[in-house]
Amino acid sequence: TKAPAGYVTPEGDDAKTAAQKVESGKTSPAALNFTMTNTNTYIKVSKVDIADGKELEGAHIRIFDSKGKVVEEWDSTKEAHEIKGLKTGETYTLRETVAPYGYAITTDTTFTLNEKGEVTGGTTIVNEKGVLLVEDAHAPDVSKVDADSGEVLSGAHLQVIDKDSKVVDEWDSDGTAHTLKGIKVGETYTLHESSAPAGYSVAKDTTFTMDKNGKITGTGASPAVVDENGVLLVEDAKVVGGGGPIPPAPQTEQQSESESESESESESESESESESESEKETEQQTEVLKPGKGEISVTKYTLKDNGAFMVTDQTYYTALFKDADLTTRVSDVKPLDLQNEYTETVTFDALPNGTYYVAETTESGTPITSGTGIRKVQIEGGTVKLRKGDNGGAAVIKNTVSQNVLGEHVDVQLSVRKKVQDSNGNELKVKDTFYIALYSDEECTKRIPGIDILRISLDDASEGAAVLRDLPYASAFYIAEVDENGNKVAGMDSFNYQVIVEGNGLTYRDLNESEVVVINKLKPGRVAGENRDVNGENRGANQNGEQGAVRTGDETPVVPMMVTMLMSGLAAIYLVLRRRRLQSRHDA
């Protein structure tokens, strides 16, 4: 006997049937009673480091059925994720869409559950406890180095490009190794240098791939160079006559003595000149340029240590400079006002052709590398060249921002409780999935970036809860109920519930101490067969017969069935009455 979908076939005590001999006149077959109990399928999925097996937080994982429908999704925590009710005999796909910071996105794997609810077949790794594993390897590091000495170089602009010519990561080298973001296991990528440090030539493009264990391999006609530590190297050669250090010629003893005397005689003079030059370097100059037709856009991002976007309430500043040393400013200082935002863009226009250097500055225009709440300033595409025929240029400023910049908590979470009620305010048990989105404004028009829509599933229950974790800073947090596509449903006539939100507008300090309650109260007068969701699809009724936003999966056309049954009943009555009339005539 086959079990229902989402249940396992019973065995052992649950599958025993009484072997009872039926003897004539003693026991009737109708007296035999058998009870068979089915239980939900149950699996666990862990997100782990492939090297040490430790649980990893921050990955977003989805499970797809054989038709490509998402049947489960979640963000990994320090505990294995539990899933109930998957169908036996169905092939499912495990997919990681976002990897934890510092890790590469792993490849899709598949699995199937047999009639006992055990994982069989597919490519998903299962440990000795029967837990399915989604294994991640550390993302590779890239270093920009001198081709001859191996010295790490600053000032190069580098990109990683996928097979579809899309830039998945880019940065300016700063003398340290850069950990790649957005890399997927098994795919081939191109390392591209768009600009080289002063005095060096641009390196040729190279290609590489990464296996599931994190091993980096150079591929193709121009394979990338990988050192003994697994670090990808972008090697630049010095340009002949390009300003690199020139090795000293062999000196005679007489020349050495002469130069020593010369150095001694001019020591005080050199110190004086050096001091004068230092003063000039710290003195900022401005220059007014002739108007032109070029423009440069500068986009600002604020980030957490783990690379996630962080909403702030701060004003930052940027300006353009004529020289790489940032001593001569050639533009106004423009504010980048981030109020409950993590990004802002400004544009410098009417610029003549030439080379410009983008910098983050103070309000007065002094270049900065750090400031209030900023631990690191990273500028991508900071050297912009405007040429005849160009449409313009662009640069990106990324700030790694102290998470306690405003004295707030850092590891916070928001608890959301869902309650479903009938039109009289009583508990209403339903079987459905509800969706919640997080906003930074009271009107719920600005979604907080980087936070997925929260799913709360109720299985024959009137109440449930879920938690949003790893939240960026915002001055306040507002909850709104949405459909699975993110459309707000409150106030829609097609949504059968009145939406009531209690405890909305929590501040950052309140998050760990309070919760937001989202109540769905059935609108009066809604009956079975009339309820439709926001997409116009039929929805069923709950077990008490009241109409709710319950998607049962049973799409039986109820109204036509009732009409058919009524017609059949009338026909039966007609036949009975006709037979009685005929019988009366016969008796007469």
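Residues numbered from 1 in each chain as written. Predicted model: local features only at pLDDT ≥ 70, side-chain atom pairs only at ≥ 80, totals over all residues. Heavy atoms only, no water.

## Details of the overall build of the protein
Then, number 1: Helix and strand counts for the protein stand at 3 helices and 37 strands.
Then, number 2: Within the protein, contacts between residues at least 6 apart in sequence are counted, and of these 63% link residues at least 24 apart.
Then, number 3: In the form shown here, the protein has an accessible surface area of approximately 33,700 Å², with 46% of it arising from carbon and sulfur atoms. (Helix = DSSP H or I, 4+ residues; strand = E, 2+ residues; numbered from the N terminus. Contact = heavy atoms within 4.5 Å. Areas by Shrake-Rupley, 256 points an atom, 1.4 Å probe, with all protein chains shown as cover.)

## Describing the confidence of the model for the protein
Then, number 1: Per-residue pLDDT for the protein averages 75, and the proportion of residues at 70 or more is 72%.
Then, number 2: pLDDT under 50 marks residues 240-282. Its contacts with residues more than four places away, or in other chains, come to 7 contacts. (pLDDT = per-residue confidence, 0-100.)

## Quick notes on unusual backbone geometry
Then, number 1: You will see that Ser165, though not glycine, has its phi angle at about 65°, which is positive.
Then, number 2: The topology assignment puts Ser165 in the loop between β11 (154-161) and β12 (167-174).
Then, number 3: The phi dihedral of Ala350 falls on the positive side, at around 55°, and the residue is not glycine.
Then, number 4: Along the polypeptide, Ala350 turns up in strand β24 (residues 343-351).

## So, the pattern of salt bridges
Proximity of charged atoms lets side chains of opposite charge pair with each other.
Then, number 1: Applying the stated criterion across every chain yields a total of 13 salt bridges.
Then, number 2: In this structure, the salt-bridge partner of Glu380 is Lys398, at a minimum N-O distance of 3.2 Å. Placement of the pair is Glu380 in strand β26 (residues 374-380) and Lys398 in strand β28 (residues 393-401), with a sequence separation of 18 residues.
Then, number 3: We note a salt bridge from Glu463 to Arg417, for which the minimum N-O separation is 3.0 Å. (Salt bridge = Lys/Arg side-chain N within 4 Å of Asp/Glu carboxyl O.)

## Quick notes on the environment of Tyr342
Then, number 1: Along the polypeptide, Tyr342 turns up in the loop between β23 (334-341) and β24.
Then, number 2: Judged by relative accessible area, which is 17%, Tyr342 ranks as buried.
Then, number 3: Considering only alpha carbons, one finds Tyr342 and Asp313, 29 residues apart in sequence, at a separation of 8.9 Å.
Then, number 4: Contact partners of Tyr342, with chain neighbours within four places excluded, come to Lys300, Tyr301, Thr302, Phe309, Met310, Val311 and Pro449. (Buried < 20%, exposed > 50% of the residue type's maximum accessible area, 1.4 Å probe, protein only.)

## Brief notes about the sheet that holds strand β5 (residues 91-98)
Then, number 1: Taken together, the 5 strands give an open sheet; going across it, the order is β3-β2-β5-β6-β7, and neighbouring strands pair in antiparallel fashion. Where the open sheet ends on each side, the last strands, each with one partner, are β3 (70-75) and β7 (119-120). (Pairing = 2+ DSSP bridges.)

## A short note on the sheet that holds strand β4 (residues 81-84)
Then, number 1: Taken in spatial order, the 4 strands line up as β4-β1-β9-β8 in an open sheet, and their pairing is mixed. Two strands lie at the open edges of the sheet, namely β4 and β8 (125-126), each paired on one side alone.
Then, number 2: Direction of pairing for strand β1 (residues 42-49) relative to strand β9 (residues 132-136): parallel, over a ladder of 5 bridges. Paired with Ser46 across the strands is Leu133, a residue of β9.

## Remarks on the nonpolar core
Then, number 1: Leu414, Val416, Leu438, Ile479 and Tyr497 are the most contacted members of the largest nonpolar core, which has 28 residues in total.
Then, number 2: Going through the elements one at a time, β29 (413-421), β30 (430-439), β31 (454-461), β32 (463-469), β34 (497-502) and β35 (515-522) are the ones with two or more residues in this core.
Then, number 3: Looking at this core element by element, the count peaks at 4 residues for β30.
Then, number 4: Counting residues in hydrophobic clusters, the runner-up holds 20 residues, among them Val330, Val358, Val377 and Ala395. (Core = buried A, V, L, I, M, F, W, Y, C linked by side-chain atoms within 4.5 Å.)

## Let's talk about the pairing of β3
Then, number 1: Bridging between strand β2 (residues 60-64) and β3 involves 5 bridges; their strand directions are antiparallel. Paired with Ile63 across the two strands is Glu72, which belongs to β3.
Then, number 2: In sequence, β2 turns back onto β3 through a hairpin of 5 residues, with Gly68 there showing a positive phi of about 85°.

## Quick look at the layout of surface pockets
Then, number 1: Considered as a void within the structure, the second largest pocket measures approximately 1,000 Å³ in volume.
Then, number 2: If you trace the second largest pocket, you find 36 residues lining it, with Gly155, Asp172, Tyr357, Gly382 and Thr383 closest to the centre.
Then, number 3: Elements with a contribution of two residues or more to the lining of the second largest pocket: β11, β12, β14 (188-195), β25 (354-361), β26, β27 (383-386) and β28.
Then, number 4: Its residues placed into classes, the lining of the second largest pocket shows 17 nonpolar, 13 polar and 6 charged. (1 Å grid on protein atoms, 1.4 Å probe; cavity = no way out; pocket = protein on both sides within 12 Å on 5 of 7 lines; lining within 4 Å. Points joined across faces, edges and corners; volume = space filled by probe spheres on them. Nonpolar A, V, L, I, M, F, W, Y, C, P; charged D, E, K, R; others polar.)

## A few points about the side chain of His178
Then, number 1: Take His178: it is sitting in strand β13 (residues 178-179).
Then, number 2: Residue classification places His178 among the buried residues on the basis of a relative accessible area of 13%.
Then, number 3: Separated by 2.8 Å, the side chains of His178 and Asp169 make a polar contact.
Then, number 4: Those residues in contact with His178 that lie beyond four places of it in its chain are Pro140, Asp141, Val142, Asp169 and Trp171. (Polar contact = N/O pair within 3.5 Å; in protein donor to acceptor, adjacent residues only side chain to side chain.)

## Quick look at the packing of aromatic side chains
Then, number 1: A complete count under the given rule lists 3 aromatic pairs for this structure.
Then, number 2: Sitting over the ring of Phe64, Arg95 keeps its end group 4.6 Å from the ring centre.
Then, number 3: If you follow Lys334 out to its NZ or CZ, it ends over the ring of Phe348, 5.5 Å from the centre. (Phe/Tyr/Trp six-rings, centres within 6.5 Å; stacked < 30°, edge-to-face > 60°. Lys NZ or Arg CZ within 6 Å of the ring centre and 35° of its normal.)

## Comments concerning the environment of Gly525
Then, number 1: Of note, Gly525 is situated in the loop between β35 and β36 (540-541).
Then, number 2: By relative accessible area, which is 65% here, Gly525 ends up exposed.
Then, number 3: Through-space distance from the C-alpha of Gly525 to that of Asn496 is 9.8 Å; in sequence the pair is 29 residues apart.

## Looking at the side chain of Asp146
Then, number 1: Inspection of the secondary structure assignment puts Asp146 in strand β10 (residues 141-146).
Then, number 2: For Asp146, the side chain forms a polar contact with the side chain of Tyr200, separated by 2.7 Å.
Then, number 3: Each residue touching Asp146, except ones within four places of it in the same chain, is listed here: Glu151, Leu153, Tyr200, Asp236 and Lys238.

## Examining a nonpolar patch on the surface
Then, number 1: Taken together, the side chains of Leu566, Met567, Leu570, Ile573 and Leu577 present a nonpolar region at the surface, about 520 Å² in accessible area.
Then, number 2: Structurally, Leu566 is set in helix α3 (residues 558-587). (Patch = residues over 30% accessible without salt bridge, like charges linked within 9 Å, V, L, I, M, F, W, Y side chains within 5 Å.)

## As for the pairing of β30
Then, number 1: Most of β30 sits inside the fold, with 8 of its 10 residues counted as buried.
Then, number 2: With 7 bridges joining them, β30 and β31 adopt antiparallel strand pairing. Bridging across to β31, Val430 finds its partner in Ala461.
Then, number 3: For β30 and strand β33 (residues 478-482), the ladder comprises 5 bridges, and the chain directions are antiparallel. Note on β33: the bridge partner recorded for Leu438 is Ile479.

## Considerations on the environment of Val142
Then, number 1: In this structure, Val142 sits in strand β10.
Then, number 2: Overall, the relative accessible area of 1% leaves Val142 in the buried class.
Then, number 3: Separated by 35 residues in the primary sequence, Val142 and Ala177 have C-alpha atoms spaced 5.4 Å apart.
Then, number 4: In contact with Val142, not counting residues within four places along its chain, are Trp171, Thr176, Ala177, His178, Leu180, Leu191, Val231, Leu232 and Val234.

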